[in-house]
Amino acid sequence: MNNLIEVSGLSKTFTLHQQHGVVLNVLSDLNFSVSAGECLVLHGQSGAGKSTLLRTLYGNYLAAGGSIRILHNGQWVELVDAEPRQVLEVRRQTLGYVSQFLRVIPRVSTLDVVMEPALARGWTKEAAEERAKSLLSRLNIPQALWQLAPGTFSGGEQQRVNIARGFMVNWPLMLLDEPTASLDDVNRQVVLELIAEAKAAGSALIGIFHDRTAREAVADRYLDMTPEHSKQQEYVYAG
Ligand SMILES: Nc1ncnc2c1ncn2[C@@H]1O[C@H](COP(=O)(O)OP(=O)(O)O)[C@@H](O)[C@H]1O
Ligand SMILES: [Mg+2]
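This section reports on the structure supplied with the text. Fair warning: this is a prediction, and the values are worked out from it, not measured in the lab.

Helix and strand counts for the chain come out as 8 helices and 10 strands. Scaling as 2.2 N^0.38, a compact globule of 239 residues should have a C-alpha radius of gyration of about 18 Å, and the chain matches this with 18 Å. Along the first, second and third principal axes, the C-alpha atoms of the chain reach 55 × 40 × 35 Å. Residue pairs in contact within the chain that sit at least 24 positions apart in sequence constitute 70% of those at least 6 positions apart. Here the chain has roughly 11900 Å² of accessible surface; of this, 49% comes from carbon and sulfur atoms. Of the charged side chains in the chain, 22 are positive and 25 negative; the average position of the first set lies 3 Å away from that of the second.

Now for the pattern of salt bridges. This model, assessed by the stated rule, comprises 12 salt bridges. Several salt bridges share partner residues, and in doing so they unite Lys 125, Glu 129 and Lys 133 into one network.

Packing of helix H3 (residues 110–120) against helix H5 (residues 155–166) leaves a shortest axis separation of 7 Å and a crossing angle of 30 degrees. Taken together, the axis directions place H3 and H5 in an arrangement best described as roughly parallel. Listed contacts from H5 to Thr 110, Val 113, Val 114, Glu 116 and Pro 117 of H3 are Val 161, Ala 164 and Arg 165. Across the contact of H3 with H5, the residue classes break down as 5 nonpolar, 1 polar and 2 charged.

The final tally for this structure, using the stated rule, is 2 aromatic pairs. The ring centre of Trp 76 lies 4.7 Å from the NZ or CZ of Arg 69, which sits over that ring. The ring of Trp 171 carries Arg 121 above its face, with NZ or CZ at 4.7 Å from the centroid.

Turning our eyes to something else, we now look at the site of ligand 1. With respect to spatial proximity, 13 residues lie near ligand 1, and among them Gly 47, Gly 49, Lys 50, Ser 51 and Thr 52 are the closest. In this structure, an oxygen atom belonging to ligand 1 sits 3.2 Å away from a main-chain N or O atom of Ala 48. Separating an oxygen atom of ligand 1 from a side-chain N or O atom of Thr 52 is a distance of 2.6 Å. Relative to its unbound accessible area of 560 Å², ligand 1 is 66% covered by the protein chains. Counting residues per element, the ones that place at least two in the shell around ligand 1 are strand S1 (3–16), strand S2 (22–35) and helix H1 (50–58). Considering every element that reaches the shell around ligand 1, the biggest residue donor is H1, with 3 residues.

Procedures and definitions
- Note on numbering: residues in each chain are counted from 1, in written sequence order.
- Working convention: letters from A go to chains and numbers from 1 go to ligands, in the order in which they are written.
- Note on the predicted model: pLDDT of at least 70 is required for a residue's local features to be given, and 80 or more for side-chain atom pairs to be given and counted; whole-chain, interface and lining totals, by contrast, use all residues.
- Heavy atoms from the whole structure form the basis of all side-chain values; hydrogens and water molecules are not counted.
- By the criteria applied, helices consist of DSSP H or I runs no shorter than four residues and strands consist of E runs no shorter than two, each listed in order from the N terminus.
- A radius of gyration in this sense is built from C-alpha atoms; the matching globule rule multiplies 2.2 Å by the number of residues raised to 0.38.
- Here a residue-residue contact requires only that any non-hydrogen atoms of the pair lie within 4.5 Å.
- Accessible surface is estimated by sampling points in the Shrake-Rupley manner with a 1.4 Å probe; for residues, cover comes only from the protein chains shown.
- Only four residue types enter the charge count, namely Lys and Arg as positive and Asp and Glu as negative; His and the chain termini do not.
- Note on charges: their place is set at NZ of Lys, CZ of Arg, CG of Asp or CD of Glu.
- Any carboxyl oxygen of Asp or Glu that lies within 4 Å of a side-chain nitrogen of Lys or Arg is treated as forming a salt bridge with it.
- As a rule, the C-alpha atoms of each element are fitted with a line to give its axis, helices using only the stretch in contact, and angles between N-to-C directions run from 0 to 180 degrees.
- Should an angle fall under 35 degrees it is taken as roughly parallel, and over 145 as roughly antiparallel, whereas 65 to 115 is taken as roughly perpendicular and any remaining angle as oblique.
- Residues were grouped as follows: Ala, Val, Leu, Ile, Met, Phe, Trp, Tyr, Cys and Pro as nonpolar; Asp, Glu, Lys and Arg as charged; and all remaining residues, including Gly, as polar.
- Centres within 6.5 Å make a pair out of two Phe, Tyr or Trp rings, where for Trp the six-membered ring is used; the pair is then stacked when the planes are under 30 degrees apart, edge-to-face when over 60, and tilted otherwise.
- Whether a charge lies above a ring is judged from NZ of Lys or CZ of Arg, which has to be within 6 Å of the ring centre and within 35 degrees of the ring normal.
- For this purpose, a residue is taken to be near a molecule or strand whenever a single non-hydrogen atom of the residue falls within 4 Å of it.
- Counting of polar contacts relies on pairs of N or O atoms within 3.5 Å, with two restrictions inside protein: one atom must be capable of donating a hydrogen and the other of accepting it, and residues adjacent in sequence are counted only when both atoms are side-chain atoms.

Okay, structure coming up:
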């Protein structure tokens, strides 16, 4: 198989220092891989650890153990315990992440927010602007908003700006946290098309989709994260 990511024995715990040091074993001993052109959908009820898994893969959370290997510029890179510099390098070139909410930076225009991943890769401003405008149009963001900072946009508009930014460049590996939540049918369809285009271009995707129609449209395989299957949610008290 043409794997782009290989995860083995991955675990993640949270220690709640404010609450008697309770330790939540949110992820324990996860094993999976995803190949080029394939979409793995995380399946499990609210609280099963789906978002935690994406954040751990992206390096926002430190894993408690296990291995996350990602094919980066033709070489396998271990992300668990990697240097921050290495993680940033992988994020710039290889690993894209559409988070659930747009991180708004005051006074930065919508166009600049969307173009940023392309400019970070050295695209010309003209090329980046052309792609960004095309994505914003497809996602039905009115042209009058493009020069404004998205801080005052509606939730659905912010999410669409976030999606435009996420799909600005071709990521070999993409993480999607509920990209179709709170979108109307027309825009949900656009997102499903963008996902299909990314798959056709050879991306490997790992996604969370609340809505069943979206899930069934994009999923090639499911990772079952319900507690019975992964022995998660064991509550252990530490000192
Ligand atoms: N930063 C955090 N600190 C402590 N506990 C957390 C944190 N993030 C998530 N959790 C806990 O981990 C579990 C899984 O959460 P999450 O990954 O958001 O689930 P899902 O995305 O599947 O709904 C929940 O019990 C949640 O309360
Ligand atoms: Mg979640």
